[in-house]
Every structure is written in C-alpha cells, then in structure tokens.
Amino acid sequence: MKASIGPLLVRLDPAERDPLQVQLYTSIRGAILDGVLTPGAKLPSSRELATDLGVSRTTAVLAFDRLAAEGYIEARAGSGTFVTLELPDERPRRMRADEGPSRHPALSARGQLLALSPPTVIKIEGPPRAFRIGTPALDVFPRRRWSRIITRLRRMQTEASLDYGPALGLPRLRDAIAAHVSRARGTSCSGDQVVVTAGAQQALDLISRLLLDPGDVAWLEEPGYPGARAALAAAGADIHPVPVDEHGVVVPAGVAAAARPRLAYVTPSHQFPLGVQMTLARRLSLLTLARELDTWIVEDDYDSEFRYGAQPVPCLHGIDADGRVIYVGSFSKTLFPALRIGYLIVPADLVDAVRAARRATDIHVPTLDQAVVAEFIEAGDYERHLRRMRQEYRGRRDALLAAAQRHCGGGLSVRPVATGLHAVADLCDGDAAAVSHEALARGVEVMPLSAYCQAPGDSAAGTSQAPPPHRGLVLGFGAVRPESIEDGMKSLAVALDRARRISAT
Ligand SMILES: Cc1ncc(COP(=O)(O)O)c(C=O)c1O
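Residues numbered from 1 in each chain as written. Predicted model: local features only at pLDDT ≥ 70, side-chain atom pairs only at ≥ 80, totals over all residues. Heavy atoms only, no water.

Structural notes on the overall build of the chain
The number of helices and strands found in the chain is 15 helices and 17 strands. A compact globule built from 505 residues should have a C-alpha radius of gyration of about 23 Å, whereas the chain, at 30 Å, is more than 25% larger. In the chain, buried positions account for 50% of the 505 residues. Accessible surface for the chain amounts to roughly 23400 Å². Of this, 53% is attributable to carbon and sulfur atoms. Charged side chains of the chain number 59 positive and 57 negative; the gap between the two group centres comes to 5 Å. (Helix = DSSP H or I, 4+ residues; strand = E, 2+ residues; numbered from the N terminus. Rg over C-alpha atoms; globule rule 2.2 N^0.38 Å. Buried < 20%, exposed > 50% of the residue type's maximum accessible area, 1.4 Å probe, protein only. Areas by Shrake-Rupley, 256 points an atom, 1.4 Å probe, with all protein chains shown as cover. Lys, Arg positive; Asp, Glu negative; His and termini not counted. Charge placed at Lys NZ, Arg CZ, Asp CG, Glu CD.)

Here it is as structure tokens:
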C-alpha cells in the first residue's frame, strides 16, 4: 500500500506489528521532522489519502487526529489540512543510526568515572570454560527443584503480590539470610539489619555512595576486586591500594601510605584474588585502627561457604563492637550469578538511610525471585546444595592441581587452595599477560594477576605472599567440569610454551 503526499512516499505494510494508522502517523511525522514536508505544506484530505492508500477512511482520520493533537498539522476551515506553520525553523531532526557521533551534552564528571570502569573479567562468549573465574558450577545447579519452586510461587501469586514490595527486601528473605549468616558466619544479626540488593555489586555501589564524599580516601586491597574498585571510583573516592600478605591486608603499610581512610574494603575470609584468609590478629588490628581513625569497614564475604579443610575464622562483623563493619554477601557463587541477589548487613541506625537510598535506585529486587530464594533456604535446599557443592568443588580443585602438575609442572606452580572457587599460580618465568593472551587464543580464559592491581609495578613490595603480579595467573575451577580442566590445562601448557618462545626471540 503506497501513496504520495507531495514529495513523501508513504508505504504501509499490514504485516507489520504496528497498526496501519500508527504507521501512517509515524511516516508523516518523520517527514515533517526531517523537513521533507515543510511548514505550510498542504496535505491531501483524509478521504483522498485513504483512497490512494487503499485503507479505510478511519485509518487516515485517526492518524491525522493524532498529528493534529500533537501540533504537527492543522486543519484550516474551508481550505484543507496543512503542516503547522509554527514549527521552529531549526526543528530537531531525527538522527539516523548511521549518522555518526551525536551532538548531545557531555557526560557528568561522575558519569565519566563510571564509563571508565573496565570489565572485571576477560570472557569468551558462550558457556563457562576453563578457567573462568567468578562463575560457580552452573552445570550441576538443581534447576528442576528451582523451577518447581518458581512454578508453585507463580501459581500462588495474589493481587497484592503484584504491587511494589518493601525496599529493604521481603521480610521472609531478610530473616532467612540473618538466620543463615548468624549460624554459618560467626556473627549475630536480625532480619531488620539485612538489606536485599541486586547482587554484591549494588550493595557496594549503594554503600560507597552513602558513606563517601568525593575525594574521601578509601583503602582497597592490592591486588583487589575490580567490582569494588569500580563502585568506589564511581563514588569519587581517592582509592589507596594496600598490599596483602599471607595474613591478609597489611594494616601498617596502609597507614604508612595513606591519609586517614574513611572506608576500608576487605575480603577477609578469602582475599580476592590471592585467596588468603585474614588472621584473627590482623582482623583485630584492622578493627583497632578503624576505631582510632573512625573508619568504615566494608567486609565482602562473597564465597566463604566453600572451604576445603580450612578452619573458618568468624567474620569481621562478628567481632566488631562499634557497628562500623558493613557486611556484604551474595548468592552469585552459592546459587547462580544471573539471580542478581545479594545483601548488606548494616547497623540498625543506618537502616532508614539505606531504605531511602534503595528507593532512589531500583526500589527492590523482583519479589518473586526473592521469594524463591527464601523458600529454597527455608526448605533446607540451600544447606543441602552448599554441602553438595563443597564436595563438587573439592573434586574440581583436586583436578586442577593434578592437571597443572601433569601438564604445566615445569612452568607453573599452583598455590595451595583452601577456600573458594579459584586458584593463583606463579609462573616460573615469563609474563602472565602474554600467557593470558596466548591462552585466550587457544580458547582458555586465564587472568593475569596484574589485572587486579592498581599499581602492578610495586604492589608486592613489602609482602612475602604476593608473587610479582606480572608472574601471577588466576585460574577459576568452580565452573569447569574435571574433563574440561584436563583439556584446558593441556592448552595452557601450549600457551605457556608459546609465550616463553615469543619472549625469547
Ligand atoms: C570479591 C567479590 N565480591 C563479590 C562478588 C559477587 O558479586 P555479585 O553479587 O555482584 O555477582 C564477586 C564475584 O566474582 C567477587 O569476586
């Protein structure tokens, strides 16, 4: 169906999703905005247009009515319908996708900081492969049980459950989280202190914006978690890297290097990415310093559930007498990352501020998802799943250590892994970034340790545990089946060899 209106050729297609009157409206409006139909141009009558196009008169009338209501055209008694004269000469013109850079205003200073956040991992498209980090064993997740809970809860949905939910999260889930953390992590808290967030990342973003002013000093472990770095940077923090040794973050080194920190971000149960557990003595010295300097501590307890023989040390939150430790947890490792559910445990006097901040962002995580997690925990599935996964991960860890020994023994030494879902390996020589590059070319994901450093050149200074970052590699094993671990390690051996040859030439 086509017709001409002056220089405009209108085409309507009944097969398109939009109704004919919308297609007609859109094409006349577009022609006016693009200057194809100029102010004052006469349009055919709705009857003529309908006849030319072979559509009902109602279709043309509805399109004209909408254009008139929006001020694009006007009917003049006795003379017909015209493009409105009052359209500004320099009227906005629609941009086509292929027209190159746009002419909008610049990003805010905060927006520019946000836009600079680098990706947190190098990933090859597709399902998890050797040695993806940050992803749990999705292949053995109890999807059937999960879907059954979803189906049941969907069926039970009431009118009220479709409305906005509480900004702090479903009370049922908050209580279940408080009970689990109090039982498993050596702290005590009530559901009232729990705030459900869209993953740990939103928790870090919220808390950084609530607690820091631009320019405030924040400590970040070095090497450290890029997600925390991004959240702190976006809040305008002046980030000071603080080295990590075999006991955890080196508190005196932080004191020597940085002005008063307003906030210290730490991963005491399983330092990211080195994997060390912060000793009790170090925890106490961090708390003492925080009291002296009046510093917030953000404790990210992202994957402490997975231990292979290591004695659990109670979380920092459990030994904090001041209410200055904010605890961050996540279901990304214990369930699956696409769920996007994490949580904060905050002192009672911060709850109202966090509620207001939550309302100003996404209000809350979808309530159905929250209810599914709550039911999974309440029914005992969560504990069962964790027990099973500990076994599974122990097997994958052993497979990684054995395969590394078998295939890369001469070039790579994997550090002991007592917790978590990834390992750190030291190259005997060569450069980890070059190995990572060669491995990627062979379909294997390994991250160079330097990717987690703010100052890769000197981050290992004064520490006995950290390898020179240019020699360190981070290998995830949680997401990788044992047979893929074996194949991945063979490819990594080839990548090691290739990187060594290139550096020798
Ligand atoms: C240190 C650390 N914290 C938190 C998380 C989890 O983040 P999220 O809950 O946003 O997926 C990860 C994931 O890899 C992590 O490594």
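Here the narrative resumes, following the displayed structure.
Here we look at the sheet that holds strand β5 (residues 80-83)
Across the sheet, three strands lie side by side as β3-β5-β4; this open sheet has antiparallel pairing. Each having just a single partner strand, β3 (42-43) and β4 (73-76) make up the two edges of the open sheet. Two elements, β4 and β5, share four bridges in a ladder whose sense is antiparallel. Considered in β5, the bridge of Arg76 is made with Gly80. (Pairing = 2+ DSSP bridges.)

Digging into the environment of Arg76
Assignment of secondary structure puts Arg76 in strand β4. For Arg76, a relative accessible area of 31% corresponds to the partly exposed category. If near-sequence neighbours (up to four positions away) are discounted, Arg76 is found in contact with Gly40, Phe82 and Leu85. (Contact = heavy atoms within 4.5 Å.)

A few points about the site of the ligand
If you check the shell around the ligand, you find 13 residues, and the closest are Ala200, Asp300, Ser330, Ser332 and Lys333. Within the side chain of Asp300, a nitrogen or oxygen atom sits 2.6 Å from a nitrogen atom of the ligand. Within the contact set of the ligand, an oxygen atom lies 2.6 Å away from a side-chain nitrogen or oxygen of Ser330. Notes on the ligand: free accessible area 400 Å², of which the protein chains cover 91%. (Near = heavy atom within 4 Å. Polar contact = N/O pair within 3.5 Å; in protein donor to acceptor, adjacent residues only side chain to side chain.)

With respect to helix α8 (residues 226-234)
Most of α8 sits out of view: seven of its nine residues are buried. Buried residues of α8: Pro226, Gly227, Ala228, Arg229, Ala231, Leu232 and Ala234, and no others. Buried residues belonging to α8 abut α4 (109-115), α7 (199-211), β7 (217-222), β8 (238-245) and β10 (263-266). Among the residues trailing α8, Gly236 stands out with phi positive, at a value near 85°.

A few points about the packing of aromatic side chains
Under the definition given, this model contains twelve aromatic pairs. Relative to Tyr452, the ring of Phe272 lies with its centre 5.2 Å away and its plane at 90°, an arrangement referred to as edge-to-face. Note that Phe272 is positioned in the loop between β10 and α10 (280-293) and Tyr452 in the loop between β16 (447-448) and β17 (472-476), a separation of 180 residues in sequence. Each ring, one from Phe331 and one from Tyr382, has its centre 5.6 Å from the other, and the planes form 70°; the classification is edge-to-face. Taken together, the positions of Phe331 in the loop between β12 (325-330) and β13 (342-345) and Tyr382 in helix α13 (residues 381-408) put the pair 51 residues apart, joining distant regions of the chain. For the residue pair Phe331 and Tyr382, the accessibility class agrees, reading buried in each case. Geometry around Tyr25 places Arg66 over its ring, the cationic atom sitting 3.8 Å from the centre. (Phe/Tyr/Trp six-rings, centres within 6.5 Å; stacked < 30°, edge-to-face > 60°. Lys NZ or Arg CZ within 6 Å of the ring centre and 35° of its normal.)

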